[in-house]
Amino acid sequence: MRTRTQVGIVGAGPAGLLLSHLLALRGIDSVLIEIRSREYCEARQRAGVLEDGSVALLREANLASRLDRQGLEHGGIYLQFDGQRRHIDFRELTGGRSVTVYAQTEVVKDLIARRIADSGRDAISFSVTETEVAELDTASPVLRYTDAAGTRHEVTCDAIAGCDGFHGICRPAIPAGVLTTWERDYPYAWLGILADVPPSTDELIYAHHCDGFALHSLRSPTVSRLYLQVDPDEVVANWPDERVWAELSRRFELPGWTLERGPVLDKSITPMRSFVSAPMRYGRLFLAGDAAHIVPPTGAKGLNLALADVAVLAPALDALLHGDEQPAAGYSATCLDRVWRSTHFSWWMTTMLHRTPGADEMTTQLQLSQLRYVTSSRAAATSLAENYTGWPPLSRLRSHADQDR
Ligand SMILES: Cc1cc2nc3c(=O)[nH]c(=O)nc-3n(C[C@H](O)[C@H](O)[C@H](O)COP(=O)(O)OP(=O)(O)OC[C@H]3O[C@@H](n4cnc5c(N)ncnc54)[C@H](O)[C@@H]3O)c2cc1C
């Protein structure tokens, strides 16, 4: 079946879903395809921390009614090291900025529900196969896929947005030699659990421990999310629930404080990688989110970067479709500036808090010195707080993008 649309979007993660909504608000048609089922996308456990700029963006797009009711606003984090737990007060250090804990699963559910409410069940084609993008350097790039009923589609577009994550098809469709990539694999991974137990903390705890990093995060007043640093080749089967809780209790141990335990609802292992590819555009193909860059989750940046990219991309595509090339020409550079800041911050948090296998005692002492500095110097703490809550602020990025018009 041959059809036409203005923007073809590959991937219904946070980037693709939000882009299709932002384009619809501007009266722009899109076709959004996704290889997974709706149920799979809505259940996939990933990020959970939204910068205040991301929250403002979702509010502005009229997507925040559940987020405003259920999101948990946090004014800081705890850093634990050397037997002490110290608070970094974001609000005080940044003039009132904060983050909100609201799971990526909920962001995705809200976005899917909204697209379907606004544009009907066909707004998103789930469970498609044999996806292809072609003729990217022409004014009419083509998107091909087979839908869940087995019908083959060929959609001629004015532009294609590659929002298909790190393992998608869009970035590899760019001819060899166009992209420059930078990549770092870290020698550790995160074992993450979702637990049906109220959080034992009011704000996230990042713990440095001689046996490896641990993070106490949360999803709601009744559900906790906790992580342990493990070897990259570790498998979930080696970690029965009892072993996970015992190790978490050891790494978070502090006199007078108890880690509450509960049923484990989900358990998975995530590798840690930094990856940036540039430029984020080839002809009429625009990459957004994890399709163009990956950060280790320590800085809580992946989801926020994906939302920030499409906040810049939607007006750029709008201008392009009305004959103004300039914002689209500036898209990659505008986004990459923030991507590199987040990449550096995520690397900095990761290397300050994790135990590197084989590292000597001097490395540990350097990490502890950095942690003491961050928790005692206002300038160092402000730098952490600014980056964690989002730097440059998303509002600045969006007004910069508007000035390109
Ligand atoms: C296991 C894991 C844990 C994470 N934990 C955290 C965390 O704790 N904190 C944090 O900030 N970030 C975390 N992240 C990162 C964060 O979740 C991502 O940065 C975010 O999901 C990026 O959104 P996206 O829309 O760009 O990509 P994705 O969410 O990956 O969405 C891409 C979509 O494209 C689809 N797709 C792929 N190929 C095709 C194709 N050929 N055709 C059609 N569709 C396709 C995929 O199925 C997927 O639905 C985690 C990531 C992973 C993988």
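As the structure is a computational prediction, the values presented were derived from the model and not from experiment.

A word on the packing of aromatic side chains
Here's step 1: Scanning the model with the defined rule gives 12 aromatic pairs in all.
Here's step 2: On the basis of an interplanar angle of 25° and a centroid distance of 6.1 Å, the ring pair of Y186 and Y188 is categorised as stacked. Each member of the pair, Y186 together with Y188, is buried.
Here's step 3: Taking NZ or CZ as reference, R36 lies 4.1 Å from the ring centre of Y40, over its face.
Here's step 4: We note K301 situated over the ring of Y388; from NZ or CZ to the ring centre the distance is 5.8 Å.

Section: the packing of helix α8 (residues 302–321) against helix α9 (residues 326–353)
Here's step 1: Closest axis-to-axis distance for the α8/α9 pair is 9 Å, and the angle between their directions is 170°. When the axes of α8 and α9 are compared, the pair comes out roughly antiparallel. Seen from α8, the contacting residues are N304, L305, A308, D309, V312, L313, A316, A319 and L320; seen from α9, they are P327, A328, Y331, T334, C335, R338, V339 and S342.
Here's step 2: Counted by class, the contact of α8 with α9 contains 12 nonpolar, 3 polar and 2 charged residues.

Considering the sheet that holds strand β12 (residues 152–156)
Here's step 1: The 4 strands are arranged β1-β12-β11-β10 in an open sheet whose pairing can be described as mixed. The sheet terminates laterally at β1 (2–4) and β10 (129–134), the two strands that pair on one side only. The average angle at which neighbouring strand axes cross in this sheet is 20°, direction not considered.
Here's step 2: Pairing of strand β11 (residues 142–146) with β12 involves 5 bridges; the strand directions are antiparallel. Bridge pairing in β12 places Y145 opposite H153.

Thresholds, definitions, all that
- Residues numbered from 1 in each chain as written.
- Predicted model: local features only at pLDDT ≥ 70, side-chain atom pairs only at ≥ 80, totals over all residues.
- Heavy atoms only, no water.
- Phe/Tyr/Trp six-rings, centres within 6.5 Å; stacked < 30°, edge-to-face > 60°.
- Buried < 20%, exposed > 50% of the residue type's maximum accessible area, 1.4 Å probe, protein only.
- Lys NZ or Arg CZ within 6 Å of the ring centre and 35° of its normal.
- Axes fitted to C-alpha atoms, helices over the stretch in contact; angles between N-to-C directions.
- Helix = DSSP H or I, 4+ residues; strand = E, 2+ residues; numbered from the N terminus.
- Parallel < 35°, antiparallel > 145°, perpendicular 65-115°, else oblique.
- Contact = heavy atoms within 4.5 Å.
- Nonpolar A, V, L, I, M, F, W, Y, C, P; charged D, E, K, R; others polar.
- Pairing = 2+ DSSP bridges.

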